[in-house]
Amino acid sequence: MRQSAGRASPTTPDTVVRIAGVDKTFARDGVVVTTALSGIDLSISRGEFVSLIGPSGCGKSTLLRVIGDLVAPSAGSVEVNGKPAAQARRDRDYGMVFQAPVLFDWRSVEDNVKLPLELMGYDGPRRTARAKEMLDLVELGEFLKHHPYQLSGGMQQRVAIARALSFEPAILLMDEPFGALDEMTRERMNQEVLRIWEATGTTIVFVTHSIPEAVFLSSRVVVMSARPGRITDVIDIDLDRPRGVATREEPRYFQLVTAVREALRRGGMGDELAERMEDGSGASIDRTAAEGGIG
Amino acid sequence: MSAAAARPAASGSIAMSRWLRRIRWYLPAVLVFVGTIALWELVVQNIDLRGLPLPAPSEIAGALSDSWGAGRWPIGKAAAATLFEALGGLAIGTFAGVVVAGLTARFVTARELLLPLAIGASAVPIIAFAPLMNNWFGVLNPLSKMMIVAVLVFFPVVVNVTRGLTSVEPAALELMRSYAASDWSILWQVRVPNALPYFFTALKVGSTLALIGAIVGEYFGGSSDVLGRVIVQSASALRFDVTWAAIVVGAVSGIVSYLAIAAVERIVIPWHASQRAGEP
Amino acid sequence: MRRQAVLFGSFALVVLVAWEGVKFLGGVPWRFPNALGLGIDVFHDPPFRWAFANDLNLPHWFNILGVLGQPVQRGSDESLGTFLAGAAFYTWREAAIGFVVGALLGLVLATLFVHSRLAERAFVPYVVASQTIPIVALAPMIVYAFGPSVASVVIIATYLTFFPVTIAMIRGLRSPDPRALELMRSYASSAWDVYRKVRLPASLPYLFTALKIAATASIVGAIIGEGPGGIPDGLGRAIINFNQSYITSPEKLWGAILVSSLLGISFFAIIRLLESLTLRGRAAVPEL
């Protein structure tokens, strides 16, 4: 069951993301205080839905940011569509969705979706058409002229997804996008994301700390552990598609949830051992990790 | 907040009851105002208060209408001159403050050095510099009053606008970075709109400071047809009705400039939370 | 704190260098027949003549510092520095009394407003409007009513102090988490206990932010009030007097303004120190 950590799938023309030997350390006054990521190898193919799951401080958000060139790795290489990550960012290959919707209050819902299109030089009619199309996709076509503060949290997050998809990025990076929502809304949003993923065929990298969410959504779940942040397991999710309410009641679903949970627990054991060997300075490391922006 | 709750009330009866609620909300303040004036009038009419500088409200109103455009203390003309100084200084100070804030927000080191200084400047009794401004720019030149106003207004504008330009959600900057947006787009699409509410806060603070600063500047000398001189001279001539009339005009000018800025704010940033809170 | 001190020190240095730089470029010729007592004759003729940089508008700062060591007036054995220090202490005492009274008044008013929405709606608009009345306008009448005395000056300082404290404390006393109030309710606590144990401690960061503003405001009030108050011993009168003799000795006015600024900064610094001792690392609230 347990696969070799950091198994990199063989590179094929279909590889969208190729991460090789990535380390990320945060230093203070030239001294390394936290190892956020250590020896990360990972390949993601076109059209995959990959979840990164792990305890707080395992570096899953940092890994997402390394892929998106929002954080530079200390060592190793990240290629997206066969280019360095920085080039991919300049080519506008990334759609980002954060835990907070990050909508701009001063723009209407429609204008928020248009923002990246303006920056990327789409002309007026095309911007309007794309915004309408994307908001219809997330079923908010009626709310074009509303302002973000008039929408509920779940609706705001759907606007953020519409915005991320509006310019057809090669890859969608989602950082705990539903972490702030209640369980019922979260399940509805999961269904919505799957529908959008199937409709658009976008590659998605999805950070979460919810096991059911990761299993329900993904084609592959990457299990990480903390201190140092590393990949301890990669679990293929072979549930049938399309997935729906019934999926969450299948025996195979429960088996996979259990498998991910056990993988996380094994990672956690290692974590505790590592902590003991670092003569119990765990708490202070945790704090520096938070300041460094991990987790 | 649900989408439905924010839809404008269409039916007339809801609009009506909103008005009623508004009236009920402001009623206590109006009653206090009317009550105070009435009580004041009644007391002055019936009790001898010659030891206190408190003429009856009716006398103040009389003085206001008598000496608005004529007499030894033409209040209307004086108010116009003082308002000119205050608004001129407000404009100079705000402009300089925005420019400096824009520059410091751009450079992290400049900001880290200058912001504590700008905050620390609030510890300096700036009005003590008023006599210097009179000596520098000429005691009779309105510019000398404008400059003291400008210095008073400058610091809150710098502090607030810098805060507004820099207190941007980190995720918003990450989002813009993921679009490979230029610094220029980040400035105009994120930082400037984010700074607008802070700018208006500073402008409202500045509008009251401006009038006070102008009158204090006049107090240290200058031409005589300004509110500050009217107040000082009428008080020393024991014509407190004129003094109070001038004070009322000064206070009303301050309130009106404040409300005017608040009205512009409502038009420019209707999306900001401050524009939705506190309404009855 | 130390970082700030270094910062202000280096800023003062920059200002002094820029100041003398301007005078070097556009001031009036300098001549020191016996520079630093070394018997060297130093002469400098600036290439420009800027009006704002002449010795009347912008005296050399060493002359400003120098005049502090000279007698207040001819024949007096008191130096200007000693005189201004005495005046500053006198003004500070007036300001401090007004500061304490104003802060207490603000606390009482805020407590009232927080416990009665009706009182808040009825009176807070006037508390705000009171600040549009310039204090110099009220000063002559306060002096008429209470006589030319320290009491009048204290009232003026009080008037400038109570406002920031009232407004900040309304916010501060309302700042506790609603769940903290619900918790207190579940203990069946009295209003007094809620005030003492929850509202007041929660409001402390707001209080100190307001007190820092009020510290300077009370100094301003005292300086302004001393003019019409006819108080001869404080900084306000010194500024007015030295302003009148500006043409003959501008350095004296500059000295008085310098001391006023130092007084404002010192009072601010004292409150800032009390703040860090009281809050002990709790986050301060930004002003406004």
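Residues numbered from 1 in each chain as written. Chains lettered and ligands numbered in written order. Predicted model: local features only at pLDDT ≥ 70, side-chain atom pairs only at ≥ 80, totals over all residues. Heavy atoms only, no water.

1. A closer look at the sheet that holds strand E5 (residues 83-84) of chain A
All names here are of chain A.
Step number 1: In space, the 4 strands of this open sheet follow the order E2-E1-E4-E5, with antiparallel pairing throughout. Edge positions in the sheet fall to strand E2 (31-45) and E5, since each has one partner strand and no second.
Step number 2: Pairing of strand E1 (residues 15-28) with strand E4 (residues 75-80), which is carried by 5 bridges, proceeds in the antiparallel orientation. Note that in E4 the partner of Arg18 across the bridge is Glu79. (Pairing = 2+ DSSP bridges. Helix = DSSP H or I, 4+ residues; strand = E, 2+ residues; numbered from the N terminus.)

2. Here's the deal with the interface of chain C and chain B
Step number 1: Each partner contributes to the interface: chain C provides 45 residues, whereas chain B provides 49 residues.
Step number 2: Here chain C and chain B share an interface that buries about 4300 Å² over both sides, 78% of which is from carbon and sulfur atoms.
Step number 3: Among the residues chain C hides against chain B, the three largest losses belong to Arg121, Met141 and Tyr144 of chain C. Together they make up 16% of the total.
Step number 4: Between chain C and chain B we count 0 salt bridges in total.
Step number 5: It is helix H10 (residues 250-279) of chain C that provides the largest number of residues to the side of chain C that touches chain B, a total of 8 residues.
Step number 6: Considering only residue class, the side of chain C that touches chain B consists of 33 nonpolar, 9 polar and 3 charged. (Contact = heavy atoms within 4.5 Å. Buried area = accessible area lost by both parts, 1.4 Å probe. Salt bridge = Lys/Arg side-chain N within 4 Å of Asp/Glu carboxyl O. Nonpolar A, V, L, I, M, F, W, Y, C, P; charged D, E, K, R; others polar.)

3. As for the domain arrangement of chain C
Residue and element names in this part refer to chain C.
Step number 1: Segmentation of chain C into domains returns domain 1 (2-58) and domain 2 (80-278).
Step number 2: Each of domain 1 and domain 2 has a C-alpha centre, and the two are 37 Å apart.
Step number 3: Summing the contributions of domain 1 and of domain 2, the shared interface buries around 420 Å²; its carbon and sulfur component is 61%.
Step number 4: Counting the contacts that link domain 1 with domain 2 gives 0 salt bridges. (Domains from an automatic or database assignment.)

4. What about the nonpolar core?
Step number 1: By size, the foremost hydrophobic cluster in this structure holds 171 residues, and its most contacted members are Ile19, Leu52, Val80 and Met224 of chain A together with Leu84 and Leu138 of chain C.
Step number 2: In terms of residue count, helix H8 (residues 191-229) of chain C provides more of this core than any other element does, 13 residues in total.
Step number 3: With residues up to four places along the chain from it excluded, the contact list for Leu52 of chain A reads Leu42, Lys60, Leu63, Leu64, Val205, Phe206, Val207, Thr208, Val222 and Met224 of chain A.
Step number 4: Grouped together as the second largest cluster of nonpolar side chains are 49 residues, Ala160, Val215, Leu256 and Val257 of chain A included. (Core = buried A, V, L, I, M, F, W, Y, C linked by side-chain atoms within 4.5 Å. Buried < 20%, exposed > 50% of the residue type's maximum accessible area, 1.4 Å probe, protein only.)

5. Looking at the confidence of the model for chain A
All names here are of chain A.
Step number 1: The predicted model of chain A averages 83 in pLDDT, with 86% of residues at 70 or higher.
Step number 2: Least confident of the elements in chain A is helix H9 (residues 282-292), whose mean pLDDT is 36; most confident is strand E3 (residues 49-53), at 95.
Step number 3: Note that residues 1-9 has pLDDT below 50 and, in this model, 22 contacts with residues that lie over four places away or in other chains.
Step number 4: Every residue in residues 271-295 scores below 50 in pLDDT, and together they form 26 contacts with partners more than four places removed in sequence or on other chains. (pLDDT = per-residue confidence, 0-100.)

6. Some points on the side chain of Ser152 of chain C
Step number 1: Mapping Ser152 of chain C onto the fold places it in helix H6 (residues 150-173).
Step number 2: Excluding anything up to four places from it in sequence, Ser152 of chain C contacts Ile142, Val143, Phe146 and Gly147 of chain C.

7. Quick word on the sheet that holds strand E10 (residues 230-236) of chain A
Residue and element names in this part refer to chain A.
Step number 1: Spatially, 6 strands are ordered E6-E7-E8-E3-E9-E10 in an open sheet, and the strand pairing comes out mixed. Two strands in the sheet have a free side with no partner beyond their single neighbour: strand E6 (94-97) and E10. Neighbour to neighbour, the strand axes of the sheet diverge by 20° on average, direction disregarded.
Step number 2: Set on the sheet, helix H6 (residues 183-200) makes contact with E3, strand E7 (171-175) and strand E8 (203-208); between it and E8 the angle comes to about 160°. (Axes fitted to C-alpha atoms, helices over the stretch in contact; angles between N-to-C directions.)

8. What to know about the interface of chain B and chain A
Step number 1: With 24 residues of chain B at the contact, the number on the chain A side is 30 residues.
Step number 2: Regarding the contact of chain B and chain A, the summed buried area is about 2400 Å², with carbon and sulfur atoms giving 62% of it.
Step number 3: Looking at the side of chain B facing chain A, the largest losses of area belong to Arg177, Tyr179 and Trp271 of chain B, adding up to 28% of the total buried there.
Step number 4: Counting every contact that joins chain B to chain A gives 2 salt bridges.

9. Let's talk about a nonpolar patch on the surface
Step number 1: A surface patch of nonpolar side chains, amounting to about 620 Å² of accessible area, comprises Trp25, Tyr26, Val30, Phe33, Val34 and Ile37 of chain B together with Tyr126 of chain C.
Step number 2: Per-element tally for the nonpolar patch: the top contributor is helix H2 (residues 12-46) of chain B, with 6 residues.
Step number 3: In this structure, Tyr26 of chain B sits in helix H2. (Patch = residues over 30% accessible without salt bridge, like charges linked within 9 Å, V, L, I, M, F, W, Y side chains within 5 Å. Areas by Shrake-Rupley, 256 points an atom, 1.4 Å probe, with all protein chains shown as cover.)

10. A word on the pairing of E2 of chain A
Residues and elements named next belong to chain A.
Step number 1: Examined bridge by bridge, E1 and E2 share 10 bridges and lie antiparallel to one another. Paired with Lys24 across the strands is Leu37, a residue of E2.
Step number 2: What sits between E1 and E2 in their antiparallel hairpin is a turn of 2 residues, with Asp29 showing a positive phi close to 50°.

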